[in-house]
Amino acid sequence: MAADLQLAYFLQALITAAVATGTEARQGAASVVEILGIAADLADATGGSSPEDVFRTWRVAHLPGILRPESDAPESGRAGFRAYDEMLEDLLRTTA
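Residues numbered from 1 in each chain as written. Predicted model: local features only at pLDDT ≥ 70, side-chain atom pairs only at ≥ 80, totals over all residues. Heavy atoms only, no water.

A. Inspection of the overall build of the protein chain at higher detail. The number of helices and strands found in the protein chain is five helices and zero strands. Each helix and strand of the protein chain, placed in order from N terminus to C terminus, yields the pattern α-α-α-α-α. Relative to the compact-globule value of 12 Å for 96 residues, the protein chain shows a C-alpha radius of gyration of 13 Å, a close match. Principal-axis analysis of the C-alpha atoms places the extent of the protein chain at approximately 40 × 25 × 20 Å. The proportion of buried residues among the 96 residues of the protein chain is 42%. With an accessible surface of roughly 5500 Å², the protein chain has 58% of that area assigned to carbon and sulfur atoms. (Helix = DSSP H or I, 4+ residues; strand = E, 2+ residues; numbered from the N terminus. Rg over C-alpha atoms; globule rule 2.2 N^0.38 Å. Buried < 20%, exposed > 50% of the residue type's maximum accessible area, 1.4 Å probe, protein only. Areas by Shrake-Rupley, 256 points an atom, 1.4 Å probe, with all protein chains shown as cover.)

Right under this line is the structure:
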């Protein structure tokens with residue numbers, strides 16, 4: 001579980017960097033999934049930390065705080081995170 005939490009922070013950083021640089025989800029999501037897969041393998045070579053589990057953890061631990069109405073995130077940032085959430089869900093569902 002500790003590895004999943006650390007990887008969720010890593011995923012948050014990846015998506016934040018992508019959104020901040022203006023990389024659209026259609027362009028960046030596949031790279032995020034690839035990088036997350038490599039990081040998960042490095043963190044736990046037994047397969048205990050899967051990208052799908054890390055994504056679910058990120059979705060519960062980080063995404064609500066960004067999307068809540070009183071968040072200080074700009075609407076463009078919220079839209080970017082929503083787009084990455086949707087694209088990552090689609091990509092990880094097809095790889096699972």
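B. Quick look at the nonpolar core. Formed by 24 residues in total, the largest nonpolar core has its most connected members in L11, I15, W58, F81, Y84 and L88. Of all the secondary-structure elements, those providing two or more residues to this core are α1 (2-20), α2 (25-43), α3 (51-61), α4 (63-67) and α5 (75-95). The residues touching L88, leaving out its near neighbours within four places in the chain, are L11, I15, A29, V32, V33 and F55. (Core = buried A, V, L, I, M, F, W, Y, C linked by side-chain atoms within 4.5 Å. Contact = heavy atoms within 4.5 Å.)

C. Region of the structure containing the side chain of H62. Structurally, H62 can be placed in the loop between α3 and α4. Classification of H62 by relative accessible area gives buried; the value is 15%. Sequence-distant contacts of H62, that is, excluding residues within four places in its chain, are made with A8, Y9 and Q12.

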